[in-house]
Amino acid sequence: MSQTVIVHDEPRVATTTGIDNRKLGMWLYLATEVMLFSALIGGFLTMRTRAPADANHVLNIPITAFNTFVLIVSSTAVVMALSAIEDGDRKRMLRWMVATFVLGATFLGIQINEYRILIGEKHLTTSSLFGSGFFTVTGFHGFHVFVGVCWLGVIIVQTLRNRFTTNERDHMRFEIFGLYWHFVDVVWIVLFTIIYLI
Amino acid sequence: MAMPSKSRAGAAKTRRSNYVLVFLSLGALTALEVLVSSMTNIPRVSFLLGMSFIKVMLVILYFMHLRSDSRWFGLIFFLPFLLVIPLLTVLPH
């Protein structure tokens, strides 16, 4: 049976735009991230055109496809957690949060293992233009996943201590986290195609 | 006026069904991408970029709720692409 938590709504802060400032701030931040990753991807494509066409033959596509799937499942887990918050179901919310955390950590684990194999085969940042671009772009993305996993870890700990509930304020906090996490997913969808498949 | 709890539960169920549908579409498209990447007799790059675009839009519209949220967020998010498109066009050349 699902556990229902009493919702303690906090008064909404009125804004001249009618838009929540925290959410607006996150969208503005994501806009800057679009520019950051576009510059990185642009730089990667520039290097790619100067490197051999089959430079990505060293990459393991099946494992990375699985990792892409892991990130997609984690994004779905985030919206399911958000849905549980909207339903006031704390137990379900926590379950989906933990699932997202585990999936995010799995993604990072697989990426670290990929780096370990590539470095073992002497594919370094200094060994080729492709290597340089590859580690820079995927490294930046991996760092964003790491930040997301840490952020979610804090939310999970707060939930276990009953400092994060299903009230309106925390709903917005989790929605903002969700926007960040989905953006990281979006970036990976693009990187998977550009770096691994093309 | 507050939404009756029955219709609210129905709306929540529909929303969750949509999330599952989007998830299945994303999974299927990823599998299709891997399949297409090994083919040589089709315009591979166009197909792959097209599928990637569809996946990105599914996440943005449904998971990030841009489809139902304020249009301001969409404007803020998509505005940088006006700079990005020329950058990505010019840089590789």
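Here the structure is a predicted model, which is why all the values come from computation and not from measurement.

1. Considering the overall build of chain A
Broken down by element type, chain A carries five helices and zero strands. Ordering the α and β elements of chain A from the N terminus gives α-α-α-α-α. By the burial criterion, 37% of the 198 residues in chain A qualify as buried. Taking all contacts inside chain A whose residues are at least 6 apart in sequence as the whole, residues at least 24 apart take part in 85%.

2. Quick notes on the overall build of chain B
Looking only at helices and strands, chain B has four helices and zero strands in total. The N-to-C order of helical and strand elements in chain B reads α-α-α-α. Here chain B has a C-alpha radius of gyration of 18 Å; the compact-globule value for 93 residues is 12 Å, and the former is much larger. Its C-alpha atoms give chain B principal-axis dimensions of roughly 55 × 30 × 10 Å. Here chain B holds 93 residues, and 18% of them are scored as buried.

3. Some thoughts on helix H2 (residues 61–86) of chain A
Taking 1.5 Å of rise per residue, the 26 residues of H2(A) would be expected to cover 38 Å, and the 38 Å separating its terminal C-alpha atoms lies within 8% of that figure. Gly88(A) sits one or two residues past H2(A) and shows a positive phi near 75°.

4. Points about the interface of chain A and chain B
Counting residues at the interface gives 34 residues for chain A and 35 residues for chain B. For the side of chain A that touches chain B, the secondary-structure elements that each account for two or more residues are helix H1 (21–50), H2 and helix H5 (168–197) of chain A. Its residues assigned to classes, the side of chain A that touches chain B comprises 20 nonpolar, 11 polar and three charged.

5. Section: the confidence of the model for chain B
This prediction gives chain B a mean pLDDT of 87; 90% of its residues lie at or above 70. The least confident element of chain B, judged by mean pLDDT, is helix H4 (residues 81–90) of chain B at 79; the most confident is helix H2 (residues 44–63) of chain B at 95.

6. Some words on the confidence of the model for chain A
In the predicted model, chain A carries a mean pLDDT of 89, and the fraction of residues at 70 or more is 90%. Throughout residues 4–11 of chain A the model reports pLDDT below 50, and contacts reaching past four residues in sequence, or to other chains, amount to 15 contacts.

7. So, unusual backbone geometry
Both trends apply: most residues other than glycine have a negative phi, and most peptide bonds are in trans. Notably, Asn162(A) is not glycine yet its phi reads approximately 60°, a positive angle. Along the chain, Asn162(A) turns up in the loop between helix H4 (129–160) and H5. For His65(B), which is not glycine, the phi dihedral falls at a positive 60°. By the element assignment, His65(B) lies in the loop between H2 and helix H3 (71–78).

8. Considerations on the packing of H1(A) against H3(B)
Across the interface, H1(A) lies against H3(B) with an axial gap of 8 Å and an inter-helix angle of 25°. The pairing of H1(A) with H3(B) is recorded here as roughly parallel in orientation. Seen from above, H1(A) lies across H3(B) with right-handed handedness. For the pair H1(A) and H3(B), the contacting residues are Trp27(A), Leu28(A), Leu30(A), Ala31(A) and Val34(A) in the first and Phe73(B), Ile76(B) and Phe77(B) in the second. Tallied by class, the residues present in the contact of H1(A) with H3(B) amount to eight nonpolar, no polar and no charged.

9. Structural notes on the environment of Ile195(A)
By secondary structure assignment, the location of Ile195(A) is in helix H5. Remark: the alpha-carbon pair of Ile195(A) and Leu45(A), spanning 150 residues in sequence, is separated by 8.9 Å.

10. Some points on helix H3 (residues 90–120) of chain A
Residue and element names in this part refer to chain A. Compared with an ideal rise of 1.5 Å per residue, which puts 31 residues at 45 Å, H3 spans 45 Å between its outermost C-alpha atoms and is within 8% of the ideal. Buried residues of H3: Met 93, Trp 96, Met 97, Thr 100, Phe 101, Leu 103, Gly 104, Phe 107 and Gln 111, and no others. Buried-residue contacts for H3 involve H2 and H4.

11. Let's talk about the packing of H1(A) against H5(A)
Residue and element names in this part refer to chain A. Contact geometry for H1 and H5: axes closest at 10 Å, N-to-C directions at 15°. It follows that H1 is roughly parallel to H5 by the angle criterion. As H1 packs across H5, the resulting crossing turns out to be right-handed. Here H1 contributes Arg 22, Lys 23, Met 26, Leu 30, Glu 33, Phe 37 and Ile 41 to the contact with H5, which in turn contributes Met 172, Glu 175, Ile 176, Leu 179, Tyr 180, Phe 183, Val 187, Val 190 and Ile 194. Grouping the amino acids of the contact of H1 with H5 by side-chain chemistry returns 12 nonpolar, no polar and four charged.

12. A look at the environment of Arg8(B)
Residue and element names in this part refer to chain B. Take Arg 8: it is sitting in helix H1 (residues 5–37). With 13 C-beta atoms counted inside 10 Å, the residue Arg 8 sits in the partly exposed group. On a C-alpha basis, the gap between Arg 8 and Ile 85 in space is 41 Å, while along the polypeptide they are 77 residues apart.

13. Points about the environment of Val59(B)
Residues and elements named next belong to chain B. Relative to the assigned elements, Val 59 resides in helix H2. The class for Val 59 is buried, based on 21 C-beta atoms found within 10 Å. For the pair Val 59 and Leu 26, spaced 33 residues apart in the sequence, the C-alpha separation amounts to 8.5 Å.

The rules we used
- Numbers given for residues are sequential positions, taken from 1 along each chain in its written order.
- Chain labels run from A onward and ligand labels from 1 onward, assigned in the order the entries are written.
- Predicted model: local features are reported for residues with pLDDT of at least 70 only, side-chain atom pairs are reported and counted for 80 or more only, and whole-chain, interface and lining totals are derived from all residues.
- Only DSSP runs of H or I reaching four residues or more are called helices, and only runs of E reaching two or more are called strands; each is numbered from the N terminus.
- Here exposure depends only on C-beta density: within 10 Å of a residue's C-beta, 20 or more other C-beta atoms make it buried, 12 or fewer make it exposed, and intermediate numbers make it partly exposed, the C-beta atoms being placed from the backbone.
- We call two residues in contact if the C-beta atoms placed from their backbones are at most 7 Å apart.
- Here the globule rule is a power law, 2.2 Å times the number of residues to the power 0.38, and the radius of gyration is based on C-alpha atoms.
- One less than the residue count of a helix, multiplied by 1.5 Å, gives the span that helix is expected to have.
- The nonpolar class holds Ala, Val, Leu, Ile, Met, Phe, Trp, Tyr, Cys and Pro. Asp, Glu, Lys and Arg form the charged class, and all remaining residues, Gly among them, are polar.
- pLDDT measures the predictor's confidence residue by residue and takes values from 0 up to 100.
- Lines fitted to C-alpha atoms define the axes here, with helix axes fitted over just the stretch in contact, and angles between the N-to-C directions of these axes take values from 0 to 180 degrees.
- In this scheme, roughly parallel covers angles under 35 degrees and roughly antiparallel covers those over 145, while 65 to 115 is roughly perpendicular and the rest are oblique.
- We call a crossing left-handed when the near helix sits turned anticlockwise from the far one by less than a right angle, and right-handed when that turn is clockwise.

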